[in-house]
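Per-entry structural report
This is what each chain is made of:
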Amino acid sequence: MQRVAVQPADQSARTERNAPRRAGRLRRGLVCAAAVPAVALFATACSSDSDSGAQGTGSGSGTGTVTSPSGDSTAASPTVQAAKYQKLPEPCAVLSKKTLTELVPKGVKSGKEGSSDDVATRNSCSWSSLDNNGVKGSQFRWLNISFLRFDSDANRGSGEKQAEAYYTSQLQDAQSVTGAKNTKSEPVTGAGDQATVVRYDLKKKEGAFKQQTVVARVANVVVTLDYNGAGLAGEKTPSADTLTKAAEKAAKEAVASVSTANGSGSAPSSPAATPSKSASQSPSASASPSKSSAKKS
């Protein structure tokens, strides 16, 4: 006879009672398993939105801010102070008739403006005078004034800092002219924020020249004034002290004209600083005599 295993009644009852519990646990496990990807996706989406939002704030216009984890805000790009002066004066009108008569007595109306592709940034004017005394010779004078204005730039720095470097560069050029003798440098007061006069003797085929170069800086503008004189064909050489005094007077008028052109009255003045050793851009075409031109002379 075949035996049939019979499950005890109490065990069968326990099995039936535990079945709903196992089914419930199974359903909860499936629900939890399905919920994990949803939570992960939600977290990823939030993270993506947060990152893109921060990037957009920092790189949109270049002037926004980025919030750090600590909650502090930092500037997204550097800023520089705006340049003080936005205009330059008309170079041939910066000196009074009285001053021009003193410097170039026979050339008051000889002013010639230099060529420039942007007169608001760079301009110049030159005058020449020849006082012919016949068999006694003649007195020659030449005057040139140039202006160079610097705008503030995020990469190059403030206009004033750039002007300071160019001021130094101009001084170095004036102090190292080939063939110059008896070179002297002196500070000039009352001509902007920095000013120095460089004087020296220069022998040319026409005669012995006395050269004066005044380099001055007022805020973001550099003014370079070149003035020389010579006695030709037997005329005596002019006094270097007299020429230097006249050059300084003209430089002060030229510096003051920068402020006037910008509607701000007289230019600020302070004791001139001594030349520094830093250098910047090359001097303008109308600046102090170059070493090469001095050689040719």
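Cut-offs and rules
- Numbering of residues starts from 1 in every chain and runs along the sequence as written.
- Reporting of local features is limited, given that this is a predicted model, to residues whose pLDDT is at least 70; pairs of side-chain atoms are given and counted only at 80 or more, and all residues count toward the totals for whole chains, interfaces and linings.
- Heavy atoms from the whole structure form the basis of all side-chain values; hydrogens and water molecules are not counted.
- What counts as a helix is a DSSP run of H or I of at least four residues, what counts as a strand is a run of E of at least two, and both are numbered from the N terminus.
- Think of it in three bands: with a 1.4 Å probe and only protein chains considered, a residue is buried below 20% of the maximum accessible area for its type, exposed above 50%, and partly exposed in between.
- Whether two residues are in contact is decided by their heavy atoms: any pair within 4.5 Å suffices.
- Residue burial considers only the protein chains on display, and all accessible areas are found by Shrake-Rupley using a 1.4 Å probe.
- Between any two strands, pairing holds if DSSP finds at least two bridges.
- Note on method: axes are straight lines fitted to C-alpha atoms, helices fitted across the in-contact stretch only, with angles between N-to-C directions ranging 0 to 180 degrees.
- A score between 0 and 100, pLDDT records how confident the predictor is in each residue.
- Computed over the protein atoms alone on a 1 Å grid, cavities are sets of points where a 1.4 Å probe fits but cannot get out and pockets are open sets with protein on both sides within 12 Å along at least five of seven lines; a residue lines them when it has an atom within 4 Å of a point.
- Grid points are joined across faces, edges and corners, and a volume is the space filled by probe spheres set on the points.
- Each aromatic pair joins two rings of Phe, Tyr and Trp (for Trp, the six-membered one) with centres within 6.5 Å, and gets the label stacked for planes under 30 degrees apart, edge-to-face for over 60, and tilted for any other angle.
- Among the buried residues, those of types Ala, Val, Leu, Ile, Met, Phe, Trp, Tyr and Cys that are joined through side-chain atoms within 4.5 Å form a nonpolar core.

**Here's the deal with the overall build of the protein chain**
For the protein chain, the helix and strand inventory stands at five helices and nine strands. In the protein chain, the succession of α and β elements from N to C terminus is α-β-β-α-β-β-β-α-β-β-β-β-α-α. Burial analysis of the protein chain (297 residues in total) assigns 35% to the buried set. When contacts within the protein chain are restricted to residue pairs at least 6 apart in sequence, long-range pairs at least 24 apart make up 62% of them. With the model as given, the accessible surface of the protein chain reaches about 17200 Å², and the carbon-plus-sulfur share is 53%.

**Structural notes on the sheet that holds strand 4 (residues 122-132)**
Reading across the sheet, the seven strands line up as 3-4-5-9-8-7-6 and stay open at both edges, with antiparallel pairing between neighbours. Across the chains shown, the open sheet's two edge strands, defined by having one partner strand only, are strand 3 (112-113) and strand 6 (181-187). In this fold helix 4 (residues 240-261) packs onto strand 5 (138-149), strand 7 (194-204), strand 8 (207-218) and strand 9 (221-232), with an angle of close to 30° to the strand it touches most, strand 8.

**Re the confidence of the model for the protein chain**
Considering every residue of the protein chain, the mean pLDDT works out to 75; 63% of them sit at 70 or more. Within the protein chain, strand 1 (residues 65-67) has the poorest average pLDDT of any element, 35, and strand 3 the best, 98. Low pLDDT (under 50) marks residues 266-297, which in the prediction has 83 contacts with non-local residues, meaning those over four places away or in another chain.

**Regarding the pairing of strand 5**
Among the twelve residues of strand 5, ten are classified as buried, and the element is accordingly described as predominantly covered. Where strand 4 and strand 5 come together, eleven bridges link them in antiparallel fashion. Bridging from a neighbouring strand, S129 pairs with R141 of strand 5. Where strand 4 folds back onto strand 5 in an antiparallel hairpin, the turn is made up of five residues, including G134, whose phi is positive at roughly 65°. Here strand 5 pairs with strand 9 via twelve bridges, running antiparallel. Opposite L143, over in strand 9, you have Y227 as the bridge partner.

**Let's talk about unusual backbone geometry**
Within the chain, N182 stands out as a residue other than glycine whose phi angle is a positive 55°. The residue N182 is located in strand 6 in this model. If you check the backbone angles, A233 has positive phi at about 55° while not being a glycine. Turning to its location among the elements, A233 is positioned in the loop between strand 9 and helix 4.

**Quick notes on the layout of surface pockets**
Taken as a whole, the second largest pocket spans an internal volume of roughly 160 Å³. Every residue lining the second largest pocket is counted, 13 residues in all, and those nearest its centre are R141, P238, S239, T242 and L243. Per-element accounting of the lining of the second largest pocket gives the leading share, three residues, to helix 4.

**Notes on the packing of aromatic side chains**
Overall, the coordinates contain two aromatic pairs when judged by the stated rule. Each ring, one from F140 and one from F209, has its centre 6.1 Å from the other, and the planes form 75°; the classification is edge-to-face. Of this pair, F140 sits in strand 5 while F209 sits in strand 8, and the two are 69 residues apart along the sequence. Measuring from ring centre to ring centre gives 5.6 Å for F150 and Y166, while their planes differ by 55°; the resulting arrangement is tilted. Of this pair, F150 sits in the loop between strand 5 and helix 3 (159-175) while Y166 sits in helix 3; the two residues are 16 residues apart in sequence, bridging distant segments of the chain. F150 sits in the buried class, given a relative accessible area of 5%.

**Looking at the nonpolar core**
L143, I145, F147, V221, V223, L225 and Y227 are the most contacted members of the largest nonpolar core, which totals 32 residues. It is helix 4 that contributes the most residues to this core, eight residues altogether. Each residue touching Y227, except ones within four places of it in the same chain, is listed here: E102, L103, R141, W142, L143, K210, Q211, Q212, L243, A246 and A247.

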